Amino acid sequence: MGLTIVFDVWRGQSVGSFYPRLHGGAALLGSALVIGAALQGDTRLYVNIALAVVIIVLGVVMGVTAEKGKQVPKPIIFTHVSLAIICYLILAFFAFNPRATLPIAV
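Keep in mind the model is a prediction, meaning the values are calculated, not measured.

Engineer: Please clarify how a nonpolar patch on the surface should be interpreted in this entry.
Structural biologist: Taken together, the side chains of M1, F18, Y19 and L22 define a hydrophobic patch exposed on the protein surface, amounting to about 440 Å² of accessible area. Inspection of the secondary structure puts F18 in helix α2 (residues 18-39).

Engineer: Would you mind going over the nonpolar core with me for this structure?
Structural biologist: Most often, soluble globular proteins have nonpolar side chains that are buried together. Grouped together as the largest cluster of nonpolar side chains are six residues: L51, I55, L58, L83, A84 and C87. Going through the elements one at a time, α3 (46-67) and α4 (74-96) are the ones with two or more residues in this core. With near-sequence residues (within four places) excluded, I55 lies in contact with H80, L83, A84 and C87.

Engineer: Which parts of the structure should I look at to understand the layout of surface pockets?
Structural biologist: Where empty space is left becomes clear once a probe the size of a water molecule has been rolled over the atoms. The computed volume of the largest pocket comes to approximately 1,400 Å³. Around the largest pocket, the lining comprises 48 residues; the ones closest to its centre are P20, H23, G59, M62 and H80. Classifying every residue of the lining of the largest pocket gives 30 nonpolar, 15 polar and three charged.

Engineer: Help me understand the packing of aromatic side chains in this model?
Structural biologist: The way to describe two aromatic rings as a pair is by their centre distance and the angle between their planes. Tallying each qualifying case throughout the model produces two aromatic pairs. With 5.3 Å between their ring centres and 65° between their planes, F93 and F94 make a pair best called edge-to-face.

Engineer: Help me understand the packing of α3 against α4 in this model?
Structural biologist: Packed helices, taken two at a time, are described by their axes: the angle between them and the distance between them. Running from N to C, α3 and α4 point in directions that differ by 150°, and their axes come no closer than 9 Å. Between α3 and α4, the angle is such that the two are roughly antiparallel. In this structure, the crossing between α3 and α4 has a hand that is left-handed. Each of V47, N48, L51, V54, I55, L58, G59, V61 and M62 in α3 lies in contact with α4, whose residues at this interface are I76, I77, T79, H80, L83, A84, I86, C87, I90 and L91. Taken together, the residues of the contact of α3 with α4 sort by class into 15 nonpolar, four polar and no charged.

Engineer: Just to check I follow, could you spell out the side chain of R44 for this structure?
Structural biologist: Position of R44 among the secondary structure elements: in the loop between α2 and α3. A polar contact of 3.1 Å, which involves the side chain of R44, links it to the backbone oxygen of P98. In this structure the side chain of R44 is engaged in a polar contact, spanning 2.9 Å, whose partner is the backbone oxygen of A100.

What counts as what
Residues numbered from 1 in each chain as written. Predicted model: local features only at pLDDT ≥ 70, side-chain atom pairs only at ≥ 80, totals over all residues. Heavy atoms only, no water. Patch = residues over 30% accessible without salt bridge, like charges linked within 9 Å, V, L, I, M, F, W, Y side chains within 5 Å. Areas by Shrake-Rupley, 256 points an atom, 1.4 Å probe, with all protein chains shown as cover. Salt bridge = Lys/Arg side-chain N within 4 Å of Asp/Glu carboxyl O. Helix = DSSP H or I, 4+ residues; strand = E, 2+ residues; numbered from the N terminus. Core = buried A, V, L, I, M, F, W, Y, C linked by side-chain atoms within 4.5 Å. Buried < 20%, exposed > 50% of the residue type's maximum accessible area, 1.4 Å probe, protein only. Contact = heavy atoms within 4.5 Å. 1 Å grid on protein atoms, 1.4 Å probe; cavity = no way out; pocket = protein on both sides within 12 Å on 5 of 7 lines; lining within 4 Å. Points joined across faces, edges and corners; volume = space filled by probe spheres on them. Nonpolar A, V, L, I, M, F, W, Y, C, P; charged D, E, K, R; others polar. Phe/Tyr/Trp six-rings, centres within 6.5 Å; stacked < 30°, edge-to-face > 60°. Axes fitted to C-alpha atoms, helices over the stretch in contact; angles between N-to-C directions. Parallel < 35°, antiparallel > 145°, perpendicular 65-115°, else oblique. Left-handed = near helix turned anticlockwise from the far one by under 90°. Polar contact = N/O pair within 3.5 Å; in protein donor to acceptor, adjacent residues only side chain to side chain.

Laid out in structure tokens, this is it:
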């Protein structure tokens, strides 16, 4: 859903208010699940929580900018998407490698 939204925004097409809100809600739910896993002792997910905070802030900035009728700056879009992809790749790595540890002690 996020990639569909960003492709439309990148091309300058308008996006209805429903999909970004649904996307944001799903992201908040996912972040809550990651926080829950971290609170149960999976310290490997702390980096994902930090990334999620930055991703969410950028998403809110994009939403507020769009609501004001202004075009969202492409560097903000690029940063939001890039960090989200990195966040998902880290989650996927640990999901498929449950015994993997971080190279540094946390």
